[in-house]
Amino acid sequence: MWFTAFDIIGTVAFAYSGFVAGARRQLDLLGVVIVAFLTASAGGALSQVLLGEVPRILTDRLASGLIFGTVLVGLALHWTGIRRVERRWTFVTADAIGLAAFAMTGATLALSHGLAFFGTTLLAFLTAVGGGLLRDSLIGDIPVVLRSGFYGIIAVFVGMAVYACDRLAIAPDIAPPAIFIGAVVLRLIAHARGWSLPVLTLPDD
Amino acid sequence: MWFTAFDIIGTVAFAYSGFVAGARRQLDLLGVVIVAFLTASAGGALSQVLLGEVPRILTDRLASGLIFGTVLVGLALHWTGIRRVERRWTFVTADAIGLAAFAMTGATLALSHGLAFFGTTLLAFLTAVGGGLLRDSLIGDIPVVLRSGFYGIIAVFVGMAVYACDRLAIAPDIAPPAIFIGAVVLRLIAHARGWSLPVLTLPDD
Amino acid sequence: MWFTAFDIIGTVAFAYSGFVAGARRQLDLLGVVIVAFLTASAGGALSQVLLGEVPRILTDRLASGLIFGTVLVGLALHWTGIRRVERRWTFVTADAIGLAAFAMTGATLALSHGLAFFGTTLLAFLTAVGGGLLRDSLIGDIPVVLRSGFYGIIAVFVGMAVYACDRLAIAPDIAPPAIFIGAVVLRLIAHARGWSLPVLTLPDD
């Protein structure tokens, strides 16, 4: 049940982040739809292909309907002049929600395939950052996962936390939403305060 | 039968577009072969991997033979001084033919796997634009599917038309070549006239 | 047996090349780990997905342990001030070893799946250049396989040589290490002397 909820939340949030990113780059209508689509589906499709499944985006009407619906809502807000939705913080918030939600679905999918600690963490990471990495590459930006000091590490934390809660049978009803909300809040605080990880200094050549 | 014909047409056309793109960027011989190869095989390989098949480029001698043959013909034309083949319109024409042919094979493959309307359209799109997107990324261009106003939408139209003709059993002998030719012509007209889709304007931040 | 040896060598070498590339770009700690990880695992994961296998990086603790161990050693060398390890030639050597080792594993994997001459060569190439291509794209460089005159061709040579030795049953005990060492030496000589392949000249448009 939580899996479906996080899948819906992540799909809508990443579709919206892709819509905003495409609109900010002044892509045309199809370009905006493509970027929204790939952002919302690439991470999940990657993890499903890695595990030998046919990506659900090809067969599942819910996912494609959610993405198109999100783009239509975005266009309605855009064309009715309510443009505040395209501001920077809207993008960051949608991206943070998508990151946390897809890290949850990636970790859950990994557990259902019997992966161990490392595989669960890696799949949470790939599912969560795959869409945003493709989005930023397509519009010509440096991917946020490389640019931002405290982004991909959150997906890693989520994967570790989901694995630990599953193995130790900690609060199966409360743990998933708690981890998800904690991850979103952590990402927004990290963005607002400009948290970063230690940087390796460049040696003389 | 039509599937094989469109597969051959698309492979040769995209291999040639990759050869021309690589030659225009003054890549070395292997670079030109790599770009021709990936352009001609990436879209088909992507759709086959998504559907759980082993990409035919790994096992099928016809496809690899066609690509190498196309590069050899291109090199012969290049080195014999008949350089007009590398002009801009040659590239655009080869790219338009590849786009239409691979949209046909992607849609046909999707139907043979029992995908519904949306899955068929998506697979037509991914098969058709995958190779060109990789080609443009490799040589450092913004992908034509994001740059051009009326490119990816043609693959979407092809996917929808193939699905509709299949479900409504419209002219199974004549529909595939008609859709293909229509798509090539539409793309060339769109390029010549500079057609575009509506662009979303940039909001103040 | 050789397969496992080359897999270990290639994983450590490419992880180290990714660590150095990330450190030179002054990425943060997680960025360096990500780049090391993707460089060391992307080529193998690609060839395994193409052949319908679940990538071993998701399930195999050895590979992930090797990558983390390599990054830890790199960090220890970096933070203890022994920075010479990050110089240009360290990167080129690690990259050459990874290229040769992963070309060996790609070709061996292809043979074990019954692929023919072309498929074996292609898989050797994709396995060997996949990680480096992703590494260079992530840090914003033009991929070395397109930039360098004599890089990808070495993976092609390895694929051809492994296929020939297997089919002609030439020295099964000595051929693998001989091909591997020959490939590393060839790449280093090619780099030192600036070897290149013929370049196609740009036509007037």
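Under the annotation held in an unreviewed UniProt entry, chain A carries the name Glycine transporter domain-containing protein and is attributed to Marinibacterium profundimaris. Among the UniProt annotations of chain A, the heading Subcellular location (unreviewed entry) holds the following wording: "Cell membrane".

Colleague: Talk me through a nonpolar patch on the surface; I want residue IDs and the actual numbers.
Modeller: A cluster of nonpolar side chains, namely Ile-181, Val-185, Ile-189 and Trp-195 of chain A, defines an oily patch on the protein surface of about 340 Å² accessible area. Tracing the backbone shows Ile-181 of chain A in helix 8 (residues 175–193).

Colleague: Before we move on, can you summarise the relation of the copies chain A and chain B with the specific residues and values?
Modeller: Once chain A is rotated about the relating axis by 120° and shifted along it by 0.0 Å, it coincides with chain B to within an RMSD of 0.0 Å. In symmetry terms, the pair is related by a three-fold rotation axis. Of the C-alpha atoms belonging to chain A, the one lying closest to the rotation axis is found on Gly-52 of chain A, 4.0 Å away.

Colleague: Tell me about the nonpolar core, and please be specific about residues and values.
Modeller: Counting residues in each nonpolar core, the largest one holds 210 residues, and the members touching the most others are Leu-123 and Phe-125 of chain A, Leu-123 and Phe-125 of chain B together with Leu-123 and Phe-125 of chain C. Beyond its immediate chain neighbours, meaning those up to four positions away, Phe-125 of chain C contacts Ile-34 of chain B together with Gly-130, Val-145, Gly-152, Ala-155 and Val-156 of chain C.

Colleague: Lay out the environment of Gly-98 of chain A in plain terms, naming residues and giving numbers.
Modeller: Residue and element names in this part refer to chain A. Inspection of the secondary structure assignment puts Gly-98 in helix 4 (residues 88–112). Look at Gly-98 and you get buried, because its relative accessible area is 0%. Placed 39 residues apart in sequence, Gly-98 and Ser-137 show a C-alpha to C-alpha distance of 17 Å. Excluding anything up to four places from it in sequence, Gly-98 contacts Gly-10, Ala-13 and Phe-14.

Colleague: Please set out the interface of chain A and chain B residue by residue, giving values where relevant.
Modeller: Facing 30 residues of chain A, the contacting portion of chain B comprises 26 residues. Summed over both partners, the interface of chain A with chain B comes to about 2,500 Å²; 72% of that surface belongs to carbon and sulfur atoms. Sorting the residues of chain A by area buried against chain B places Asp-28, Leu-30 and Leu-58 of chain A first, and these three jointly supply 25% of that buried surface. Linking chain A with chain B are 0 salt bridges. Counting across the interface, chain A meets chain B through 0 residue pairs in polar contact (both at pLDDT 80 or more). When residues of the side of chain A that touches chain B are traced back to their parent elements, those giving at least two are helix 1 (2–24), helix 2 (29–50) and helix 3 (61–79) of chain A.

So, how was this worked out
Residues numbered from 1 in each chain as written. Chains lettered and ligands numbered in written order. Predicted model: local features only at pLDDT ≥ 70, side-chain atom pairs only at ≥ 80, totals over all residues. Heavy atoms only, no water. UniProt positions renumbered as here; feature names shortened; annotations may be inferred. Patch = residues over 30% accessible without salt bridge, like charges linked within 9 Å, V, L, I, M, F, W, Y side chains within 5 Å. Areas by Shrake-Rupley, 256 points an atom, 1.4 Å probe, with all protein chains shown as cover. Salt bridge = Lys/Arg side-chain N within 4 Å of Asp/Glu carboxyl O. Helix = DSSP H or I, 4+ residues; strand = E, 2+ residues; numbered from the N terminus. Least-squares fit on C-alpha atoms with pLDDT ≥ 70 in both. Core = buried A, V, L, I, M, F, W, Y, C linked by side-chain atoms within 4.5 Å. Buried < 20%, exposed > 50% of the residue type's maximum accessible area, 1.4 Å probe, protein only. Contact = heavy atoms within 4.5 Å. Buried area = accessible area lost by both parts, 1.4 Å probe. Polar contact = N/O pair within 3.5 Å; in protein donor to acceptor, adjacent residues only side chain to side chain.

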